[in-house]
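# Structure at a glance
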Amino acid sequence: MEGFDPATSFGAETAARYDEAPRGDEGAAVRFLSELAGDGPALEFAIGTGRIALPLAATGTRVHGVELSPHMVEVLRSRPGGADIPVAMGDMSRVDAPGGPYRLVYLVFNTINNLLTQDDQVRCFESHWV
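Just so it is clear, the structure is predicted and the values come from calculations on it, not from any experiment.

### A look at the pattern of salt bridges
- This model, assessed by the stated rule, comprises one salt bridge.
- In this structure, the salt-bridge partner of Arg 51 is Glu 26, at a minimum N-O distance of 3.1 Å. Of this pair, Arg 51 sits in the loop between β1 (42-45) and α3 (53-58) while Glu 26 sits in helix α2 (residues 26-37), placing them 25 residues apart in sequence.

The following block contains the structure:
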């Protein structure tokens, strides 16, 4: 995507309004991910504001995250339960995540497009995440 820079595209203004237009499938996604995780921990790439991670954690799943934007994590931390989710800051194709190995590693919607090269996309899932 020409002109898109994930490092600068999720600033304070975007983070503040990120959850204003829910997709409507969040509940179904949380149920599905909870079943996949079973009793193991889960890692969400680009955890953002916790739109999926927080309700997933409320099911009893231990959720950890990776996030590039400090602004998105600030919103996550401001929400009930947000301070309890460990988050590694950085590029999801390169950063070490807390608490692995994981039973479930996931990202939602079009998050994979935040990695601009195929090499980064492959590296993201080839890492030590599971």
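Having seen it, we continue.
### Some thoughts on the sheet that holds strand β3 (residues 87-89)
- Read across the open sheet, the four strands follow the order β3-β2-β1-β4; overall the sheet is parallel. One side of each edge strand has no neighbouring strand; the edge strands of this open sheet are β3 and β4 (104-106). Sheet twist, expressed as the mean angle between neighbouring strand axes with direction ignored, is 15 degrees.
- As paired strands, β1 and strand β2 (residues 63-67) are joined by four bridges and run parallel to one another. Residue pairing in the sheet places Leu 43 in a bridge with His 64 of β2.
- Relative to β3, helix α4 (residues 70-78) is tilted by about 160 degrees, and along the sheet it contacts β2 and β3.

### Let's talk about the nonpolar core
- If you look at the biggest cluster of nonpolar residues, it comprises 17 residues, and the most contacted ones within it are Ile 47, Leu 56, Val 63, Ile 85 and Tyr 106.
- With residues near it in sequence (within four places) discarded, Val 63 still touches Ala 42, Ile 47, Ala 53, Leu 56, Ala 57, Ile 85, Pro 86 and Tyr 106.
- Core analysis: the next-biggest nonpolar cluster, separate from the first, contains 10 residues, Val 66, Met 92, Val 95 and Val 105 among them.

### Structural notes on the pairing of β1
- Here β1 shows no split at all, with Ala 42 and Glu 44 on one side and Leu 43 and Phe 45 on the other all buried.
- Crossover β1 to β2 through α3 is right-handed.

### Side note on unusual backbone geometry
- Unusually for a residue other than glycine, Ala 46 sits at a positive phi of about 55 degrees.
- Structurally, Ala 46 can be placed in the loop between β1 and α3.
- Judged by its relative accessible area of 21%, Ala 46 is partly exposed.

### What about the side chain of Glu 26?
- According to the relative accessible area criterion, Glu 26 is buried, its value standing at 14%.
- A polar contact is formed between the side chain of Glu 26 and the side chain of Arg 51, at a distance of 3.1 Å.
- Filtering out sequence-adjacent residues up to four positions away, Glu 26 remains in contact with Arg 51 and Ile 52.

Conventions and cut-offs
- Residues numbered from 1 in each chain as written.
- Predicted model: local features only at pLDDT ≥ 70, side-chain atom pairs only at ≥ 80, totals over all residues.
- Heavy atoms only, no water.
- Salt bridge = Lys/Arg side-chain N within 4 Å of Asp/Glu carboxyl O.
- Helix = DSSP H or I, 4+ residues; strand = E, 2+ residues; numbered from the N terminus.
- Pairing = 2+ DSSP bridges.
- Axes fitted to C-alpha atoms, helices over the stretch in contact; angles between N-to-C directions.
- Contact = heavy atoms within 4.5 Å.
- Core = buried A, V, L, I, M, F, W, Y, C linked by side-chain atoms within 4.5 Å.
- Buried < 20%, exposed > 50% of the residue type's maximum accessible area, 1.4 Å probe, protein only.
- Right-handed = clockwise from strand over helix to strand, strands pointing away.
- Polar contact = N/O pair within 3.5 Å; in protein donor to acceptor, adjacent residues only side chain to side chain.

Any link to function would need more than the numbers given here.
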